[in-house]
Amino acid sequence: YADVDATSASVLGDEYHRAEVWAAAERARRGVKRMDRRDVEDEKTRERRAREAEAQRRKLEELEAKDRAWRESLATKARAMTTMSTDEYRAKWRALEEGKVKTLALRDFPFIDAATMKSASALCEFLTVDIDADKKRIKLREEMMRWHPDKFAKYFAVAREEDLEQIKERVNVTAQAVREAFKAFQQPP
């Protein structure tokens, strides 16, 4: 009885060996590498890393979309603020030109804020925000003439005495900025 088990075990052992050799030959013929436990773990690690990388890519795309939306909302708000400021600017000029007010403080004059005047293109956009492209040059020239210190001098008579020096200074600065915007607009990009 013991001999039968030993013989059957060696026969089965030979069958396992033969099947393993056949499978290895078949894998070699197909070009498929036998995967042992380490290869399986490496494959699982690669798959996990690929899933993590895909999740990070999706998260990055989501954050970029949120950032784009945020930047667009800021640009929209900035355009709205520029339009409002331009309207206020024009209203102050109308009030000044109509001469209804006898005495004006510094804040009543239509001065453009310093941030807008830093860039010639921003100032040009501010002054011509709702003007047709073919009339922008004309509008900038009008603004340049309007801010010319000699032309603006007629409004010094309605300025408060204590603000007069600051007004003169700001007129000169604004005139220079408008002149630069006009020059930048005339030069091709």
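Refer to the structure above for everything that follows.
Computed from a prediction, not measured in an experiment: that's the story for all the values here.

Further remarks concern the overall build of the protein chain. Counting its secondary structure elements, the protein chain contains 7 helices and 0 strands. Listing the helices and strands of the protein chain from first to last along the sequence gives α-α-α-α-α-α-α. Looking at the protein chain as a whole, 22% of its 189 residues qualify as buried. By sequence separation, contacts in the protein chain at least 24 residues apart represent 65% of the contacts at least 6 residues apart. Accessible area for the protein chain stands at about 14,200 Å²; split by element, carbon and sulfur atoms hold 54% of it.

Moving on, we get to the packing of helix α4 (residues 120-127) against helix α7 (residues 164-186). Here α4 crosses α7 at 95°, and the two axes come no closer than 8 Å. Overall, the two elements α4 and α7 adopt an arrangement that is roughly perpendicular. Taken together, the residues of α7 that come into contact with α4 (itself represented by A120, L123, C124 and L127) are A177, V178, E180, A181, A184 and F185. Residue classes in the contact of α4 with α7 are distributed as 9 nonpolar, no polar and 1 charged.

Quick look at the packing of α4 against helix α5 (residues 136-147) now. For the pair α4 and α5, the least separation of the axes is 10 Å and the interaxial angle reads 100°. It follows from the interaxial angle that α4 and α5 lie roughly perpendicular. Facing α4, whose interface residues are C124, E125 and L127, α5 presents K136, K139, L140 and E143. Broken down by class, the residue content of the contact of α4 with α5 amounts to 3 nonpolar, no polar and 4 charged.

On to the nonpolar core, then. In this structure, F109, L123, L127, W147, F152 and I167 are the most contacted members of the largest nonpolar core, which totals 28 residues. Elements represented by at least two residues in this core include exactly α2 (37-98), α4, α5 and α7. The biggest single contributor to this core is α7, with 8 residues. F109 has contacts with K92, L96, L104, F152, Y155, A159 and I167, leaving out every residue within four places of it along the chain.

The subject of this paragraph is the environment of A114. Examined against the element boundaries, A114 turns out to sit in helix α3 (residues 114-117). Overall, A114 belongs to the exposed group, its relative accessible area being 52%. Measuring from C-alpha to C-alpha, the distance between A114 and A177 comes to 9.7 Å, with 63 residues separating the pair along the chain.

Glancing now at α5. Relative to the 16 Å expected for 12 residues at 1.5 Å per residue, α5 spans 16 Å between its end C-alpha atoms, a close match to the ideal helical length. Within the sequence span of α5, burial applies to K136, K139, L140, E143, M144 and W147. The buried side chains of α5 occupy one side of the element, clustering within an arc of 140° when seen end-on.

Next up on the list: the layout of surface pockets. The space that makes up the largest pocket amounts to roughly 190 Å³. Lining the largest pocket are 13 residues, and of these E88, K92, F111, I112 and D113 sit closest to its centre. The dominant element in the lining of the largest pocket, judged by the number of residues it contributes, is α2, at 4 residues. Looking at the lining of the largest pocket, its residues break down into 7 nonpolar, 1 polar and 5 charged.

Reading guide: rules and limits
For every chain, the first residue of the written sequence is number 1, and numbering continues from 1 along that sequence. Note on the predicted model: pLDDT of at least 70 is required for a residue's local features to be given, and 80 or more for side-chain atom pairs to be given and counted; whole-chain, interface and lining totals, by contrast, use all residues. To get the side-chain values, take all heavy atoms of the structure and skip hydrogens and water. Under the DSSP-based scheme used, a helix requires at least four consecutive residues in state H or I and a strand at least two consecutive residues in state E, with every element numbered from the N terminus. Only protein chains enter the accessibility calculation, which uses a 1.4 Å probe; a residue is then buried when its area is under 20% of its type maximum, exposed when over 50%, and partly exposed in between. Every residue pair with non-hydrogen atoms within 4.5 Å of one another is taken to be in contact. Only the protein chains shown count as cover for residues, and all accessible areas are computed by the Shrake-Rupley method using a 1.4 Å probe. Axis definition: a line fit to C-alpha positions, over the contact stretch in the case of helices; interaxial angles, taken between N-to-C directions, run 0 to 180 degrees. Angles below 35 degrees are treated as roughly parallel, those above 145 as roughly antiparallel, those between 65 and 115 as roughly perpendicular, and all remaining angles as oblique. Throughout, the ten residues Ala, Val, Leu, Ile, Met, Phe, Trp, Tyr, Cys and Pro are labelled nonpolar, Asp, Glu, Lys and Arg are labelled charged, and all others, Gly among them, are labelled polar. The term nonpolar core refers to a set of buried residues drawn from Ala, Val, Leu, Ile, Met, Phe, Trp, Tyr and Cys, joined through side-chain atoms within 4.5 Å. Here a helix's expected span is defined as the number of its residues, less one, multiplied by 1.5 Å. By construction, the arc corresponds to the directions joining the helix axis to the C-beta atoms. Residues are said to line a cavity or pocket when one of their atoms sits within 4 Å of a point; the points come from a 1 Å grid over protein atoms alone, cavities being sets where a 1.4 Å probe fits but cannot get out and pockets being open sets with protein on both sides within 12 Å along at least five of seven lines. Grid points are joined across faces, edges and corners, and a volume is the space filled by probe spheres set on the points.

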